[in-house]
There are 2 protein chains.
Amino acid sequence: MDRSTRPVRLADVAKAAGVSHGTASNVFSHPEIVREEVRERVKATAEAMGYAGPDPKGRLLRAGKVNAIGVATNEPLSYFFDDPFARVMMASISQACDATGAGISLVSAANSEHLAWNIQSALVDGFIVFCIEGDSRLVELARERKLPFVALDLDSENQSVAAIGVDNIAGAGLAARHLAELGHRRFAVLTLPCAEDGHGPITQAQAETSLYAGTRDRLRGYLGELSRFGIEVSQVPIYETVNDEESVWAGLDHIFAGAEKPTAILAMSDKMALHALDWLRRHDIAVPGDVSVVGFDGVPEGATSKPPLTTVAQPIAEMGHRAVKAILENDGASSRQLMPVDLVVRASSGPCPVKS
Amino acid sequence: MDRSTRPVRLADVAKAAGVSHGTASNVFSHPEIVREEVRERVKATAEAMGYAGPDPKGRLLRAGKVNAIGVATNEPLSYFFDDPFARVMMASISQACDATGAGISLVSAANSEHLAWNIQSALVDGFIVFCIEGDSRLVELARERKLPFVALDLDSENQSVAAIGVDNIAGAGLAARHLAELGHRRFAVLTLPCAEDGHGPITQAQAETSLYAGTRDRLRGYLGELSRFGIEVSQVPIYETVNDEESVWAGLDHIFAGAEKPTAILAMSDKMALHALDWLRRHDIAVPGDVSVVGFDGVPEGATSKPPLTTVAQPIAEMGHRAVKAILENDGASSRQLMPVDLVVRASSGPCPVKS
DNA sequence: ACCTATCCTTGGATCGATTCAAGAATTTGC
DNA sequence: GCAAATTCTTGAATCGATCCAAGGATAGGT
């Protein structure tokens, strides 16, 4: 009867040891209420039969709680370890989980079919959804599980979605004002994706119809503040990137190919800003001598880049902690929390160079 | 009957829709074999009752496969996102998982009681164990689950443990020889932990009794090669660190307090080596002018540090891929794979300065 | 009409454990 | 020595689904 693998069940052990499965269960889960002699006998039998201990699969069904929270994203799984923002966020999420003994399940999928299935079949007590690029489908799928749930980012227009995010408009405004006050008048904007996998130069109108509210809000924040300084925002080149080196560099190639070269670059993520610094260094453009760069996020890499990056810092650690708290406490209140952002001025921004 | 939450079961939906639970199950799992009219009716009923779809908990028990692999460590969960080596390894593990559609469960625990429980109750199809610091208890617990299993590191003496690791002795030897060939004769070694939470200066004899075979082997590799160059290894200061900035800096404080200052530092991890570079810069000690530093691991940060770090690179990506493959294929063969290491010479090592 | 083939639907068995009310065995009290 | 109290043990019920053999209904062929 020994097929390739032999699944020894608790019941098998019980029978072999001559006790009921109820008692056998107690041996493992409530050893103190089983007479020592019996306990030892059952344990010895289990050992002899190669029983690996109560299978969590069975226990789970009865207990109901998985004791793990799921973190879901649209990006490939490696996003959690590659992207600086995600990394910091995950570090704070994992601290909070450690404190409560909860585990973490990373959920993702390359294609959207898998995504649906992965979300639907994830064994978790709740979801934290990374919707950095605001995929509402992801949010929808997660909500359908009817588990405790919180989105990281207030992208969704749907006010009923519990979410933790930052004030993108105000944050972008801070960045724009900082540069404008330094005297800059010729700007360029590097955006996060507006459409699925879109990249290339776009118009303000196109950006306004962005699928992703986060991108849209940051852009509004930038342009709104700039126009307050009398800058003709329709002239500001806007280049859509997918937040990677290639598209950022392509964007800068494009932006600096024109006659009116900008003196200030607004980047919607630190990652983009850091790639931009690389590009500028390779093109012997001084930062902040010739061009100032301001990022968005406040990742630690920004503090040690060359030059250190001026950026709009999100309270990432605090957001992570709150997200975990929201899942674990699940007080039903689908709260939307708006966290404050902070302009961190470092060396990548400086006064506008005098006109040559 | 409506307690705080109402758990709607598939059976409830089936009854309400007037079909058997078997048919209801098919509506969700094999929609194509259910007559359309029935299918729609059941789906509508489910919707109306607030049924969230088949609960994976139930499905799991029947199906047996979780479709997730567990990655376990002794460190806090945030280790996966903070430590450079872990990050690179996790990135490659997650790539491999993405390719097969598997999820990742991070398992850890602050204290060892939790550890046991977390390992025992983790819902996974197999374990990859990060035993960078070679905790054999962790390995033991994971093996007891009798799931596919592979340790990252060949620490364990137990040859029956499936493991993927590098040739620590040979790798350390490469580093030592490189420096010796550059003319260095006064060395210092920064080790990974030898005992639980130990740190401070230790003797060679103490290090030889290290709990952790990885630490021991690297030390053997270092000292073995050095003695081949006629260096009196008993005079080489060995300082045990816990792989963080504080203990590395304390180690260097101690090492450089002596009269015979070393010209070459062998660090058992890149993380330590990078902290050492920071310390040296702060003390205005030129690298490699006054002191050469060689790390171990080959993390990407080493390529961009100041100066770029000479190191013994592990094929981290390849190891991650193989680990996942080993779990998913689980061909029973508890193989021990020894991966080759590679000396990567960058700017942190140079000729020994002429004696002053 | 009757028989057969097709297509759904049914209900029971199963996955692997936990829990609990009730019963058996042992000990204690008088 | 018998009833009561105590302590374990038992076996059935449950968790939430999937699977499968068997049966029912419908349609088509003659």
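Residues numbered from 1 in each chain as written. Chains lettered and ligands numbered in written order. Predicted model: local features only at pLDDT ≥ 70, side-chain atom pairs only at ≥ 80, totals over all residues. Heavy atoms only, no water.

1. A closer look at the overall build of chain A
Inference 1: A tally of regular secondary structure across chain A gives 15 helices and 13 strands.
Inference 2: The globule rule puts the C-alpha radius of gyration for 356 residues at 21 Å, and the 26 Å found for chain A is more than 25% above it.
Inference 3: The C-alpha extent of chain A, read off along each of the three principal axes, is 95 × 40 × 35 Å.
Inference 4: Counting over 356 residues, chain A shows a buried share of 53%. (Helix = DSSP H or I, 4+ residues; strand = E, 2+ residues; numbered from the N terminus. Rg over C-alpha atoms; globule rule 2.2 N^0.38 Å. Buried < 20%, exposed > 50% of the residue type's maximum accessible area, 1.4 Å probe, protein only.)

2. Things to note about the domain arrangement of chain A
Inference 1: Partitioning chain A into structural domains gives domain 1 (10–62), domain 2 (68–163) and domain 3 (168–315 + 339–344).
Inference 2: Using only C-alpha atoms to locate each centre, domain 1 of chain A and domain 3 of chain A end up separated by 62 Å. (Domains from an automatic or database assignment.)

3. Regarding the pattern of salt bridges
Inference 1: In the structure shown here, the tally under the stated rule is 24 salt bridges over all chains.
Inference 2: Residue Asp217(B) is joined to Arg220(B) by a salt bridge in which the shortest nitrogen-to-oxygen separation is 3.7 Å. Of this pair, Asp217(B) and Arg220(B) both sit in helix α11 (residues 213–228), separated by three residues, roughly a single helical turn.
Inference 3: Of the residues examined, Arg220(B) reaches a relative accessible area of 37% and is grouped as partly exposed.
Inference 4: Each of Arg177(A), Glu225(A) and Arg228(A) takes part in one network of salt bridges that share partners. (Salt bridge = Lys/Arg side-chain N within 4 Å of Asp/Glu carboxyl O.)

4. Thoughts on the sheet that holds strand β7 (residues 200–202) of chain A
Residues and elements named next belong to chain A.
Inference 1: Here we have seven strands laid out as an open sheet, ordered β7-β8-β6-β9-β10-β11-β13, and mixed in their pairing. The open sheet has two free edges, formed respectively by β7 and β13 (342–344), since each of these has just one partner strand. Strand-to-strand, the axes of this sheet are offset by a mean angle of 25°, without reference to chain direction.
Inference 2: One ladder, built from four bridges, connects strand β10 (residues 292–297) with strand β11 (residues 310–313); its direction is parallel. By the bridge assignment for β11, valine 294 is matched with threonine 310.
Inference 3: Running at roughly 155° to strand β8 (residues 238–240), helix α12 (residues 245–255) makes contact with β6 (187–191), β7, β8 and β9 (264–267) of the sheet. (Pairing = 2+ DSSP bridges. Axes fitted to C-alpha atoms, helices over the stretch in contact; angles between N-to-C directions. Contact = heavy atoms within 4.5 Å.)

5. Considering the relation of the copies chain A and chain B
Each of the two chain copies goes to the other by way of a rotation about an axis and a shift along it.
Inference 1: Each copy superposes on the other: chain A lies on chain B with an RMSD of 0.1 Å after a rotation of 180° and an axial shift of 0.0 Å. Considering both components of the superposition, the chain copies are consistent with a two-fold axis. For chain A, the minimum C-alpha distance to the rotation axis belongs to Ser105(A) and amounts to 2.2 Å.
Inference 2: Mapped onto chain B, 100% of the interface residues of chain A are again interface residues, and the two copies thus contact each other with one and the same surface. (Least-squares fit on C-alpha atoms with pLDDT ≥ 70 in both.)

6. As for the environment of Gln120(B)
Inference 1: In this fold, Gln120(B) is placed in helix α7 (residues 112–121).
Inference 2: Taking the C-alpha atoms as reference, Gln120(B) lies 7.4 Å from Leu141(B); in sequence the two are 21 residues apart.
Inference 3: Contact partners of Gln120(B), with chain neighbours within four places excluded, come to Pro56(A), Leu141(B) and Arg145(B).

7. A few points about the protein's contact with DNA strand D
Inference 1: Neighbouring DNA strand D are 25 residues; Arg9(B), Leu10(B), Ser25(B), Ser29(B) and Asp55(B) lie closest to it.
Inference 2: For DNA strand D, a phosphate oxygen lies 3.1 Å from a polar atom in the side chain of His30(B).
Inference 3: Take Tyr51(B): an N or O atom from its side chain is 2.7 Å from a phosphate oxygen of DNA strand D.
Inference 4: Those elements that provide at least two residues to the surface near DNA strand D are α2 (21–29) and α4 (56–63) of chain A together with α2 (21–29) and α4 (56–63) of chain B.
Inference 5: Residues that form the surface near DNA strand D fall into these classes: eight nonpolar, eleven polar and six charged. (Near = heavy atom within 4 Å. Polar contact = N/O pair within 3.5 Å; in protein donor to acceptor, adjacent residues only side chain to side chain. Nonpolar A, V, L, I, M, F, W, Y, C, P; charged D, E, K, R; others polar.)

8. Quick look at the packing of α2(A) against helix α3 (residues 36–49) of chain A
Residue and element names in this part refer to chain A.
Inference 1: Viewed as axis vectors pointing N to C, α2 and α3 meet at an angle of 90°, and their least axial separation amounts to 10 Å. Relative to α3, the element α2 is oriented roughly perpendicular. Note on element contacts: α3 touches α2 through Val38, Arg39, Val42, Lys43 and Ala46, opposite Thr23, Ala24, Val27 and Phe28.
Inference 2: For the contact of α2 with α3, the residue count by class is six nonpolar, one polar and two charged. (Parallel < 35°, antiparallel > 145°, perpendicular 65-115°, else oblique.)

9. Considering the interface of chain A and chain B
Inference 1: In this assembly, 41 residues from chain A lie in contact with 41 residues from chain B.
Inference 2: Contact with chain B buries area across many residues of chain A, yet Lys57(A), Phe81(A) and Asp98(A) alone supply 19% of it, more than any other trio.
Inference 3: On the surface where chain A and chain B come into contact, there are zero salt bridges.
Inference 4: At the boundary of chain A with chain B, the tally comes to nine residue pairs in polar contact (both at pLDDT 80 or more).
Inference 5: Looking at the side of chain A that touches chain B, the elements that each hand over two or more residues are α4, α5 (79–82), α6 (84–100), β2 (103–107) and α7 (112–121) of chain A.
Inference 6: For the side of chain A that touches chain B, the leading source of residues is α6(A), giving seven residues.
Inference 7: Looking at side-chain class alone, the side of chain A that touches chain B contains 19 nonpolar, 14 polar and eight charged residues. (Buried area = accessible area lost by both parts, 1.4 Å probe.)

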